[in-house]
Amino acid sequence: MTERSRPAPVPALDLIRTAVDPGSWRPWDEPVDVTTEDPAYRADLLAARERTGLDESVVTGEGRVHGRRVAVVACEFRFLAGSIGVAAGERLVRAVERATAERLPLLAAPASGGTRMQEGTVAFLQMVKVAAAITDHKAAGLPYLVYLRHPTTGGVLASWGSLGHLTAAEPGALIGFLGPRVHQALYGEEFPPGVQVAENLLANGLVDAVLPPAELPGTAARALAVLCDRDTTTAPPTAPHTGPAAGAGGPVPSAEESIRRSRESGRPGVRELLKAAATDVTLLSGTGAGERDPGLLLALARVGGTPCVVLAHDRGTRATPAAPGQALGPAGLRAARRGMRIAAELDLPLLSVVDTAGAALSKEAEEGGLAGEIARCLADLVNLPAPTLCLLLGQGAGGAALALLPADRVVAARHAWLSPLPPEGASAILHRTTDRAHEVAARQGVRSADLLANGIVDRIVEEDAEGADFLSDLGRVIGADMAALRAGDRHERLRARRARYRRLGTTG
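Every value quoted in this text rests on a predicted model; they were computed, and no experiment measured them.

Caption draft 1: Layout of the nonpolar core. Formed by 95 residues in total, the largest nonpolar core has its most connected members in Val303, Val310, Leu351, Leu391 and Leu392. The contact partners of valine 303, leaving out residues within four places of it in the chain, are Leu274, Ala277, Ala278, Cys308, Val310, Leu351, Gly475, Ile478, Gly479 and Met482. Among the nonpolar cores identified, the runner-up in size contains 32 residues, and Ile84, Ala99, Tyr144 and Val146 belong to it.

Printed below as a string of structure tokens:
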């Protein structure tokens, strides 16, 4: 995208009026005096005030987004390129601290060239205290949403612009650490085109969405409907009859049948589950570290009525050992750990969905630290302070399945299964042929019924119902179980989770 085609910077107050409900905006800012003794800088400040009608580059206050009270901080780019000096930094920190004290979610809308060069190093260090205030806000269990506007660069992007639980960007916005003018001055060449643009950041997993200002209130309201619901108490939904007696009236399917059924092309996956059983769904993109993995879906949603963070295998087209679909790699596992952090910070239930033919087997996966990411997912899940529920939805092969498994509660669809490797791989190890895969799977106890008998699964949801009915049943079960977990004591929940996995395979 060329400079000529980039959007014009949207004035801060115009953006705020778009984002909040009409008539709800209440400024928090107290007047700032011009104290500098530098005549040139003083002239610049006075000219910026005359041009914008504002006394600084940052506007703070509160409004309502679809009726919900929200704190807002926004940069005015027309005021010295939205740069942050001491007065702007102090205004930001006070607004964040007030939002924390009043337990308000915070929406930040930066548009800035970064540090105010006229104030030098002391201005540069303002980013530290702003980042610290944001960290305290998040540590208090409060949501932080970021909308990156054109342009956002430098220390602003490298501090409070990159700390959101959810981050969106304005279409066509210039977003990058080193501004193109500085890059050309320092290195004598233009920055490569198309890199520092919102759409490229989305493609690389650095932002969760690219949306125009008009869509900001709806997107923020949908996300906050999940993120702000940690203290809401509602009666859990009624779950269908499941558990040890499920399926007792009929034959339990063989391992071969369940494996075949789990691989059928028409079998629903996580996206179908969310469509049938979830509301207020907001998809998140990648890890925020410049990488995406199509094998992992990360979202905020209400599933069966209960708000949660969802991290799930997303195979796309149905997978088989010969065509494994969207295998999970290191980037997907890092995205999963991002979801775990969001759940922990906001004390939201975490729903993990297992449906994978296996982890990525490639040079890139090995060099990207696949095994280490699996280990870190296991460690994080076992010790996560938030309530956790795992749904075994379909295939559950190998380390990719294990990485999302540890939970307070595990629910399985009748034809879901779990094994150390795809059955064909286990057969190749034991018999040097894949022909005995189903025989090996039966001996390994991979079926949902075997998992229930061994204490790995807590309940089974039958699949007699077709399509949306089956998914609705799953949604009600998941919603009820997550609501029950959420209502329990955190310390007892963690103790029980550790004990659950400590005693697996023992008789004591």
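Caption draft 2: Main features of the pattern of salt bridges. As enumerated under the stated definition, the model contains 37 salt bridges in all. Arginine 267 serves as the salt-bridge partner of glutamate 463, at 2.8 Å between the closest nitrogen and oxygen. With a gap of 196 residues between them, glutamate 463 in the loop between strand S16 (459-461) and helix H19 (467-487) and arginine 267 in the loop between helix H10 (255-262) and helix H11 (270-277) connect regions that are remote in the sequence. Summarising the burial analysis for this pair, glutamate 463 and arginine 267 share the class buried. Between glutamate 462 and arginine 414 there is a salt bridge, with the nearest N and O atoms lying 2.8 Å from each other. With glutamate 462 in the loop between S16 and H19 and arginine 414 in the loop between strand S15 (409-413) and helix H16 (423-431), the pair connects residues that are 48 residues apart, well separated along the chain. The class of glutamate 462 is partly exposed, set by a relative accessible area of 21%.

Caption draft 3: View of the environment of glycine 218. Topologically, glycine 218 is positioned in helix H9 (residues 216-227). Here glycine 218 falls in the partly exposed class, since its relative accessible area comes to 27%.

Caption draft 4: Inspection of the state of the cysteines at higher detail. Across all of its chains, the model carries zero disulfides by this definition. We note that cysteine 228 lacks a disulfide partner, and the nearest cysteine sulfur, in cysteine 308, lies 15 Å from it.

Caption draft 5: Representation of the packing of helix H3 (residues 86-101) against helix H5 (residues 126-139) within the structure. Viewed as axis vectors pointing N to C, H3 and H5 meet at an angle of 10°, and their least axial separation amounts to 9 Å. Regarding the angle of H3 to H5, the classification is roughly parallel. Seen from H3, the contacting residues are Val86, Gly89, Glu90, Leu92, Val93, Val96, Ala99 and Thr100; seen from H5, they are Gln126, Lys129, Val130, Ala133, Ile134, Asp136 and His137. Grouping the constituent residues of the contact of H3 with H5 by class yields eight nonpolar, four polar and three charged.

Caption draft 6: Up close: the sheet that holds strand S11 (residues 296-303). Taken in spatial order, the seven strands make up an open sheet running S10-S11-S12-S13-S14-S15-S16, and their pairing is mixed. Only two strands of the sheet have a single neighbouring strand rather than two, namely strand S10 (278-284) and S16. Averaged over all adjacent pairs, the angle separating strand axes in this sheet is 25°, with direction ignored. Bridge analysis of S11 against strand S12 (residues 306-313) gives eight bridges, and the strand direction is antiparallel. Note on S12: the bridge partner recorded for alanine 299 is valine 310.

Cut-offs and rules
Residues numbered from 1 in each chain as written. Predicted model: local features only at pLDDT ≥ 70, side-chain atom pairs only at ≥ 80, totals over all residues. Heavy atoms only, no water. Core = buried A, V, L, I, M, F, W, Y, C linked by side-chain atoms within 4.5 Å. Buried < 20%, exposed > 50% of the residue type's maximum accessible area, 1.4 Å probe, protein only. Contact = heavy atoms within 4.5 Å. Salt bridge = Lys/Arg side-chain N within 4 Å of Asp/Glu carboxyl O. Helix = DSSP H or I, 4+ residues; strand = E, 2+ residues; numbered from the N terminus. Disulfide = S-S within 2.5 Å. Axes fitted to C-alpha atoms, helices over the stretch in contact; angles between N-to-C directions. Parallel < 35°, antiparallel > 145°, perpendicular 65-115°, else oblique. Nonpolar A, V, L, I, M, F, W, Y, C, P; charged D, E, K, R; others polar. Pairing = 2+ DSSP bridges.

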